[in-house]
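Inside the fold
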Amino acid sequence: MKKWIRNGTVVTASDTYQADILIEGEKVVAIGSKLDGKDAEMIDATGYYVFPGGIDPHTHLDMPFGGTVTSDNFYTGTKAAAFGGTTSIIDFCLTNKGEPLHSSISTWHEKARGKAVIDYGFHLMVSDANDQVLEELGAVVRNEGITSLKVFMAYKNVLMADDETLFKTLVRAKELGALVQVHAENGDVLDYLIKQAIAKGQTDPVYHAYTRPPEAEGEATGRAIALTALADAQLYVVHVSCAEAVRRIAEAREKGWNVYGETCPQYLVLDITDLQKPGFEGAKYVWSPPLREKWNQDVLWNALKNGILQTVGSDHCSFNFSGQKELGLGDFTKIPNGGPIIEDRMRLLFSEGVAKDKISLNQFVDMTSTKVAKLFGMFPQKGTIAVGSDADIVLFDPTVKRTISVETHHMNVDYNPFEGMVVNGDIISVLSRGSFVIRDQQFVGQAGTGRFVKRSTFARP
Ligand code: URP
Ligand code: ZN
Ligand code: ZN
Ligand code: ZN
C-alpha cells in the first residue's frame, strides 16, 4: 500500500521546503512536487511540519533500579513515545558482574519482544571489564548490532565502575568501533557527601541535589575525556546538566577529539527550586545528575545551539510518586532516581527551544533525530526523510497549544513533572516504517510491531 503525504513543509536537519512524500511499504520512495500518487492513500499535511520521527537515545524501560522497577514497560513506554513523535528508542541493557553479556542481552530482548510499538535498539552497560567480558564484547558489537557501551561513574556499590573498567572499555571500544557512554559524576565523592548529610539528619529531597554538586559532574566528565584521549577512543556523555561539564566537553571538542554530549529537557526547563517544593513533592524532581541552579539552562541552550552538545535524550526512567518515589520518605537516598519524559521530549524542545528562538527548526530535528542516528549507527535508515530511508515520519502542527498533564499523558505513571505547562505546537500523526502508530492524535499501533534495530559501528558524523 502506498501513502502520499501532501502539501506539508518537510523539515530535515539541513533543509525546510514544501514537498510531497510518497511511501511504499516501509520506505520513502519519492519526494517532490509532481509525484505519481496513483493508488496511494492521500494524507493531507497542509499547515503541518513533516519531520523525521524522533529517536530517543536514552530510555530505561522495565528496568530494576533503586529497589523497584521503572513503571513503564516496552509497551506503555513506546506507546507514550509515539504519542510524543518518537519512532525509535535506544534503551539501556543493564548487566550484572560475573554474568555473561549474552544473558543480559537476552533478558532485554525478552522485555521488548511482543511489546514495543516502535523500533528500538540497546546500549550495553559494562560493569566489569574482565578478560571474558572484553572478549565477548567483540561478538556483541560486530554481530549483534549493539555498538554503544555504557559505563556508570556514579551509584557507588550499585552500578558504578572504577577507572580501570572505564579505561579498558575505552581501549576495547577503540578496537571495535563502539561509542562509549558515561554517566559522569564522581561516585566516591558523592558517596562521602551523602553519608555526611544523612549523619546530620539532612533527609529531605533537596539534599539529593546538595550532595551531588556540579563540580563532581565536571570532574568526572573531565576524567572520562582524559581517559578517552589516552585511549584515542570515542565518548558520549549522557545527561549533561551543568556548566562545569559543558566546559570540559567544549575544550575536548576544540582539540578535535571524538567527544559528544547529550542533555535532557528536565535540565533545560526545570531547576533546583523544584526540589525545594513543600512536603515530599521534591521527590518528583529527583534526577541524577540533579536539577541545577537556573542559570545553567542558558549554558545548556547555548551549548546546543553552538554544537558543543549534539543531542537531547529523555533519560525516561519513570517511577510512580505513590509507592515508588515514596520509598524515600524520610531518607532522600531511597528515592528512586529518574522521571517520566519520553512522551514530552519533542514537545518541550520545540516549544522551549524553537518557538522561543533558542535553536532553529533544523537544529531541533538534528538534536532529536538526525544526529542521534548518525552517532549511534542508524543513519540513513533512520534520522532523516530521504528516498530509501524508513518512513518514520511525524506530522506536527506548530500553531496549536497543549497543556501537559498527568490527566492526558500516556505514560504509566501517576504524575507529570511538567504538570500544567502550556506548550506551543503538537504532534498530530506519526508513522513508523510506513504504518500509522498515531493518527489524528489517536493510538492506532500494535504491540510487537516495533523491531530491534541492528546498529553500525561508530563513524564520526
Ligand atoms: O536519575 C536518573 N538519571 N535516572 C536514570 C538512571 C541514569 O542515571 O541515567
Ligand atoms: Zn548473542
Ligand atoms: Zn545516568
Ligand atoms: Zn539514564
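This structure is a prediction, so every number in the text was calculated from the model and none was measured.

Criteria and cut-off values
Residues numbered from 1 in each chain as written. Chains lettered and ligands numbered in written order. Predicted model: local features only at pLDDT ≥ 70, side-chain atom pairs only at ≥ 80, totals over all residues. Heavy atoms only, no water. Phe/Tyr/Trp six-rings, centres within 6.5 Å; stacked < 30°, edge-to-face > 60°. Buried < 20%, exposed > 50% of the residue type's maximum accessible area, 1.4 Å probe, protein only. Lys NZ or Arg CZ within 6 Å of the ring centre and 35° of its normal. Donors = N, O, S within 2.8 Å, 3.2 Å for Na, K, Ca; no water. Tetrahedral: all angles 85-135°; square planar, octahedral: opposite > 155°, others 65-115°. Helix = DSSP H or I, 4+ residues; strand = E, 2+ residues; numbered from the N terminus. Pairing = 2+ DSSP bridges. Contact = heavy atoms within 4.5 Å. Axes fitted to C-alpha atoms, helices over the stretch in contact; angles between N-to-C directions. Near = heavy atom within 4 Å. Polar contact = N/O pair within 3.5 Å; in protein donor to acceptor, adjacent residues only side chain to side chain. Nonpolar A, V, L, I, M, F, W, Y, C, P; charged D, E, K, R; others polar. Right-handed = clockwise from strand over helix to strand, strands pointing away.

Right, let's talk about the packing of aromatic side chains for a bit. Any two aromatic rings considered together are summarised by their centre-to-centre distance and by the angle between their planes. Tallied over the entire structure, the rule returns 19 aromatic pairs. A centroid spacing of 6.1 Å and a plane angle of 25° characterise the contact between Tyr49 and Phe51, whose relative ring orientation is stacked. Phe51 sits in the buried class, given a relative accessible area of 1%. Three or more aromatic residues joined by ring pairs make a cluster, and in this case those are Tyr49, Phe51, Phe350, Phe364 and Phe396. Directly above the aromatic system of Trp4 lies the positively charged group of Arg6, at a separation of 4.1 Å from the ring centroid.

What follows deals with the coordination of the zinc ion (ligand 4). Around the zinc ion (ligand 4), the donor atoms from the protein are His58 (NE2), His60 (NE2) and Asp315 (OD), and they sit 1.9 to 2.1 Å away. Of note is the zinc ion (ligand 4), whose 4 donor atoms meet at the metal with angles of 86 to 132° in an arrangement that counts as tetrahedral.

Another point: the coordination of the zinc ion (ligand 3). For the zinc ion (ligand 3), the protein coordination sphere consists of His183 (ND1) and His239 (NE2), at 2.1 Å. Each of the 4 donor atoms bound to the zinc ion (ligand 3) contributes to angles spanning 57 to 153°, and the resulting shape is irregular. A distance of 3.9 Å spans the gap from the zinc ion (ligand 3) to the zinc ion (ligand 4). Of this pair, His183 sits in strand β12 (residues 179–183) while His239 is found in the loop between β13 (235–237) and α8 (243–254), placing the two residues 56 residues apart along the sequence. You'll find His183 and His239 in the same group, each marked buried.

Across the sheet, which stays open at both edges, the 8 strands sit in the order β6-β9-β10-β11-β12-β13-β14-β15 with parallel pairing between neighbours. Two strands bound the open sheet, and with one partner strand each, they are β6 (54–59) and β15 (311–312). Bridge count for strand β9 (residues 86–93) against strand β10 (residues 119–125) is 6 bridges, and the pairing is parallel. The partner of Asp91 across the bridge, within β10, is Phe122. Sheet contacts for α8: β13 and β14 (259–263); angle to β14, the most-contacted strand, approximately 150°.

On to the site of ligand 1, then. All residues adjacent to ligand 1 are His58, His60, Phe65, Tyr155, His183, His239, Trp287, Ser288, Asp315, Cys317, Asn337 and Gly338. Here His183 contributes a side-chain N or O atom positioned 3.0 Å from an oxygen atom of ligand 1. Of the residues that constitute the shell around ligand 1, the class distribution is 4 nonpolar, 7 polar and 1 charged.

With respect to burial, β10 is a largely interior element, 7 of its 7 residues being buried. Covered by surrounding structure in β10 are Asp119, Gly121, His123 and Met125 together with Tyr120, Phe122 and Leu124, the residues of both alternating faces. Between β9 and its parallel partner β10, the chain crosses via helix α2 (residues 101–112), and the hand of that crossover is right-handed. Read as a crossover between parallel neighbours, the route from β10 over helix α3 (residues 131–143) to strand β11 (residues 148–152) is right-handed.

As far as function goes, none of this settles anything; it's purely spatial.
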